[in-house]
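# Observations on the model geometry
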Amino acid sequence: MAVFYVAFILIGLCGMFLFHGNMLLCGILAAVSAAGAGLRLFAGGKWKKIAAAGIPVCMALCLFAGRSGVEGGMVDYREKLRQAAALIDKGDLDSGVQLLEELEEAFGDTDLALYARTEIRLALGEYDLALSGMNAAQDKTRQDWYEYMERILGLQGTDRAAEQLEELYLSGAEDLPGNGHMQYMAGLVKLGRGAYQSASHYFSRARRLDEEDGRPCYYLGLICHEQKDEEKAAEYFEEALDKGVDEDMRANIQWYTK
């Protein structure tokens, strides 16, 4: 059993100094492992038996200690990314790019480092390179990936990019069922294609996810109006007005319900 603890000590130390693991958890792993090894080798009686209890603790710590800034520091990463973007928006490109390069170096060869490279490419207007980089991401199901892809395709502004953006919204609605924006945009895509039933499905999802957004209600009312269900349309339109919509939608509602 002492051999296991020695292995855990080495894992903790390597995670701290070689593999950019979570410093706090790696330190705890090394400390718990050292304590377990000490009890196993030098204690007697019940203390020697207690040493066995440290094994599952060390195993659990191993699972989380290996998470560097990729997971454990995600909030900090996003904050620094926002800071870099703010610097770039203010025209301080050099400082923004320097911060992004520091992020890339800190996170190594990960999707988060890829996002940092993408931010640099977007700042330089290299949209094709940014898109190529994002297509190489390991995880194409997380919200960050979809947000970057939406930005890139929107900035490209080509007909091809518009087609890709539509498909992005449809896949994003399925990969991110709790993301109201993706549900709403997928509804617009389906509505534009005349698929009322599918559009209603996505708009209903968006309505449930964001109870303060009146736009899904507006489009649900519009679909009901097109299907000659005026009573239901009036209910959705009233809900849209209560939650708040832009002037164009408000004017359309007045026209549809007059």
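See the structure printed just above.
Overview of the structure. Values in this document were obtained by computation on a predicted structure and should not be read as measured data.

Reading the values: rules and limits
Residues numbered from 1 in each chain as written. Predicted model: local features only at pLDDT ≥ 70, side-chain atom pairs only at ≥ 80, totals over all residues. Heavy atoms only, no water. Helix = DSSP H or I, 4+ residues; strand = E, 2+ residues; numbered from the N terminus. Buried < 20%, exposed > 50% of the residue type's maximum accessible area, 1.4 Å probe, protein only. Contact = heavy atoms within 4.5 Å. Areas by Shrake-Rupley, 256 points an atom, 1.4 Å probe, with all protein chains shown as cover. Axes fitted to C-alpha atoms, helices over the stretch in contact; angles between N-to-C directions. Parallel < 35°, antiparallel > 145°, perpendicular 65-115°, else oblique. Left-handed = near helix turned anticlockwise from the far one by under 90°. Nonpolar A, V, L, I, M, F, W, Y, C, P; charged D, E, K, R; others polar. Phe/Tyr/Trp six-rings, centres within 6.5 Å; stacked < 30°, edge-to-face > 60°. Lys NZ or Arg CZ within 6 Å of the ring centre and 35° of its normal. Core = buried A, V, L, I, M, F, W, Y, C linked by side-chain atoms within 4.5 Å. Salt bridge = Lys/Arg side-chain N within 4 Å of Asp/Glu carboxyl O.

In this section: the overall build of the protein. Broken down by element type, the protein carries 15 helices and zero strands. By residue count, 40% of the 258 residues in the protein fall in the buried class. Look at the contacts in the protein between residues 6 or more apart in sequence, and 51% of them connect residues 24 or more apart. As presented, the protein carries roughly 14500 Å² of accessible surface, and 55% of it is formed by carbon and sulfur atoms.

It is the contact of helix H13 (residues 215–226) with helix H14 (residues 230–243), at a shortest axis distance of 8 Å, that shows an interaxial angle of 160°. When the interaxial angle is binned, H13 and H14 end up roughly antiparallel. As for the relative orientation of H13 and H14, their crossing is left-handed in sense. Facing Cys 217, Tyr 218, Leu 220, Gly 221, Leu 222, Cys 224 and His 225 of H13, the residues of H14 in contact are Glu 230, Lys 232, Ala 233, Tyr 236, Phe 237, Glu 239, Ala 240 and Lys 243. Tallied by class, residues from the contact of H13 with H14 come to nine nonpolar, two polar and four charged.

Quick look at the side chain of Asp 213 now. Along the chain, Asp 213 turns up in the loop between helix H12 (196–209) and H13. Owing to a relative accessible area of 14%, Asp 213 belongs among the buried residues under this scheme.

Below, the discussion takes up the packing of aromatic side chains. Taken as a whole and assessed by the stated rule, the structure comprises nine aromatic pairs. Taking the centre distance of 4.9 Å and the plane angle of 75° together, the rings of Tyr 218 and Tyr 219 count as edge-to-face. According to the relative accessible area criterion, Tyr 219 is buried, its value standing at 17%. It is Arg 215 that lies over the ring of Tyr 184; its NZ or CZ is 4.1 Å from the centre.

Below, the discussion takes up the environment of Ala 195. Note that Ala 195 resides in the loop between helix H11 (180–192) and H12. Accessibility expressed as a relative area gives 25% for Ala 195, which makes it partly exposed. With 28 residues separating them in the primary sequence, Ala 195 and Ile 223 have C-alpha atoms 9.9 Å apart.

The next thing to look at is the nonpolar core. Ranked by size, the top nonpolar core spans 54 residues in total, and within it Met 134, Trp 145, Phe 203, Tyr 218 and Tyr 219 carry the most contacts. Sort the elements by how many residues they give to this core and H13 lands first, with seven residues. Discounting residues that sit within four places of it in the chain, Tyr 218 has contacts with Phe 237, Ala 240, Val 245, Met 249, Asn 252, Ile 253 and Tyr 256.

Moving on, we come to the pattern of salt bridges. Tallying each qualifying case throughout the model produces ten salt bridges. For the salt bridge of Arg 215 with Asp 213, the shortest nitrogen-to-oxygen distance reads 2.9 Å. Overall, the relative accessible area of 33% leaves Arg 215 in the partly exposed class. The closest approach of N and O atoms between Glu 235 and Lys 232, which form a salt bridge, is 3.5 Å. Highlighted residues: Glu 235 and Lys 232, both in helix H14, separated by three residues, approximately one helical turn. Looking at Lys 232, the relative accessible area reads 32%, which means it is partly exposed.

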